[in-house]
Structure formats: structure tokens, C-alpha cells
Amino acid sequence: KQIAILAGSRKQEIKDNLSMMLEAASTFKDYKLVIAGAPNIDVDYYKKFIPNHIETSIIFGQTYNILRESEAALVTSGTATLETAILRVPQVVCYYIPAGKFVSWLRKKILKVKYISLVNLVAGKEIVQELVADRMTVDNIIKYLGDILPTGQGRRQMLNEYETMNQILGGEGASHKA
């Protein structure tokens, strides 16, 4: 049993998100934690943000395989959220931003979209939890991750909503047809 950690493809995302993602996921003792390494980031950079007491592995070039073998994923917002949903892996979207309270206030006042994850944007509703700015805490990650693991109450609903989202996308072969 494993939990996939997709902490982003940019150094700043990894710096801001990886430690909290690992702290939260490590509370689920029955699960192995696997970080899907971004191809442009050196393994030593990841190691800077892995707490000493947490056992994990970093695998490069195998993101889809890591996801397929995982019961759930913690994913930094971006294309990876949509890919995770297409592979039907329940997920929590994590995106810490320094000065989170200010950014959350600004987001409500300025942004015209309700969501940041592609999954929720495509569906036009909240399918996956978005822990952004001041909502991105270890406690919130634990709460929502627990809800989508195999014994969690929100898992089945998320998987059903993924099916609806895939229909909106056009299902298998849609990109080839387009």
C-alpha cells in the first residue's frame, strides 16, 4: 500500500510543499510514501526537504506507474491533478503559498475562477479538495487524505465524480479525435 507524493515540477513548489505533504502522509503508518521526482530537479534538492524521521523513496520517470500503484496521492496543483484523476487515483491538491491569509483574501477578491485544480475546473464543481494558501496545513492534509484512502468515506464519491469528469473530457481517445 502506498501514497504518491507529487510535490510539483519547480523548486519553489517543492520547497513550499514537500515537507508538509510528507509530515501529513507519514501519519498513515501502513502506507509507503513515494515521491514522483520531476525530471528537471536533482535528487539532492528533494532530500533537503525530507524530514529525517520520515522514510520515503524518490523515483524519477515513473510518475504514471507510481500513481497506478498508489491508493491515494497528494498533488501540487497543475497538470498532474488532471493526470491523477484520469488514472483514477483519489487525491488532495496541496499548494502552500507564503503569506497565505493575504493570498486567500486576494484570491477571493480578484480571481474570477472558483477553483485552481484542473479537475475541479473541468467538472465545474469541487471534486477534489484544494488546500491552497492558508488552508494548506498538516492537519487539513491528514483530514482529507484519510477521507480518500480505501477506508475513507469520501473515496467512492471522488472516484464516481472522476467518471463524470472523464465523460466531460470525452473519454478514451478524445485527444486523438480532436
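All of the points below concern the structure found in this document. Here the structure is a predicted model, which is why all the values come from computation and not from measurement.

## Description of the environment of Ile 86
The topology assignment puts Ile 86 in helix H4 (residues 79–86). Once you skip the residues sitting within four places of it in the chain, Ile 86 turns out to touch Met 165, Asn 166 and Leu 169.

## Describing the packing of aromatic side chains
In this structure the tally under the stated criterion is two aromatic pairs. Between Tyr 46 and Phe 60, the aromatic rings sit 5.9 Å apart at their centres with planes inclined by 75 degrees, giving edge-to-face as the arrangement. Here Tyr 46, found in helix H2 (residues 43–47), pairs with Phe 60, found in strand E3 (residues 57–60); they are 14 residues apart in sequence, far enough to count as distant. Judged by relative accessible area, which is 1%, Tyr 46 ranks as buried. On the basis of relative accessibility, which here comes to 32%, the residue Phe 60 falls in the partly exposed class. Taking NZ or CZ as reference, Lys 1 lies 4.8 Å from the ring centre of Tyr 31, over its face. Sitting over the face of the ring of Tyr 45, Lys 11 holds its NZ or CZ atom 5.1 Å from the ring centroid.

## Quick word on the pattern of salt bridges
Tallied over the entire structure, the rule returns four salt bridges. Glu 13 is the partner of Arg 10 in a salt bridge, and the nearest nitrogen-oxygen pair spans 2.8 Å.

## Digging into helix H1 (residues 11–25)
Over its 15 residues, H1 runs 21 Å from end to end, which matches the ideal 21 Å to within 8%, given 1.5 Å per residue. Along its length, H1 shows its largest kink, about 40 degrees, at Asn 17. Buried within H1 we find Glu 13, Ile 14, Asp 16, Asn 17, Leu 18, Met 20, Met 21, Leu 22, Ala 24 and Ala 25. Buried residues in H1 make contact with strand E1 (2–6), strand E2 (32–37), H2, strand E4 (72–76), strand E5 (91–95) and helix H7 (138–148).

## Quick notes on the sheet that holds E2
Spatially, six strands are ordered E3-E2-E1-E4-E5-E6 in an open sheet, and the strand pairing comes out parallel. The open sheet has two edge strands with one neighbour each: E3 and strand E6 (129–132). With strand direction ignored, the average angle separating the axes of adjacent strands in the sheet is 25 degrees. In the sheet, E1 pairs with E2 via four bridges, with the strands oriented parallel. Each bridged residue has a counterpart across the sheet, and for Gln 2 the counterpart in E2 is Lys 32.

## Brief notes about the packing of H1 against H7
Relative to each other, H1 and H7 sit at 50 degrees, their axes nearing to 8 Å. One way to sum up the angle between H1 and H7 is to call them oblique. Remark: the crossing between H1 and H7 carries right-handed chirality. Between H1 and H7, the residues in contact are Met 20, Met 21, Glu 23, Ala 24 and Ala 25 and Val 138, Ile 141, Ile 142 and Leu 145, respectively.

Calculation criteria
- Residues numbered from 1 in each chain as written.
- Predicted model: local features only at pLDDT ≥ 70, side-chain atom pairs only at ≥ 80, totals over all residues.
- Heavy atoms only, no water.
- Helix = DSSP H or I, 4+ residues; strand = E, 2+ residues; numbered from the N terminus.
- Contact = heavy atoms within 4.5 Å.
- Phe/Tyr/Trp six-rings, centres within 6.5 Å; stacked < 30°, edge-to-face > 60°.
- Buried < 20%, exposed > 50% of the residue type's maximum accessible area, 1.4 Å probe, protein only.
- Lys NZ or Arg CZ within 6 Å of the ring centre and 35° of its normal.
- Salt bridge = Lys/Arg side-chain N within 4 Å of Asp/Glu carboxyl O.
- Expected span 1.5 Å × (residues − 1).
- Bend = angle between axes of the 7 residues up to and from the residue.
- Pairing = 2+ DSSP bridges.
- Axes fitted to C-alpha atoms, helices over the stretch in contact; angles between N-to-C directions.
- Parallel < 35°, antiparallel > 145°, perpendicular 65-115°, else oblique.
- Left-handed = near helix turned anticlockwise from the far one by under 90°.

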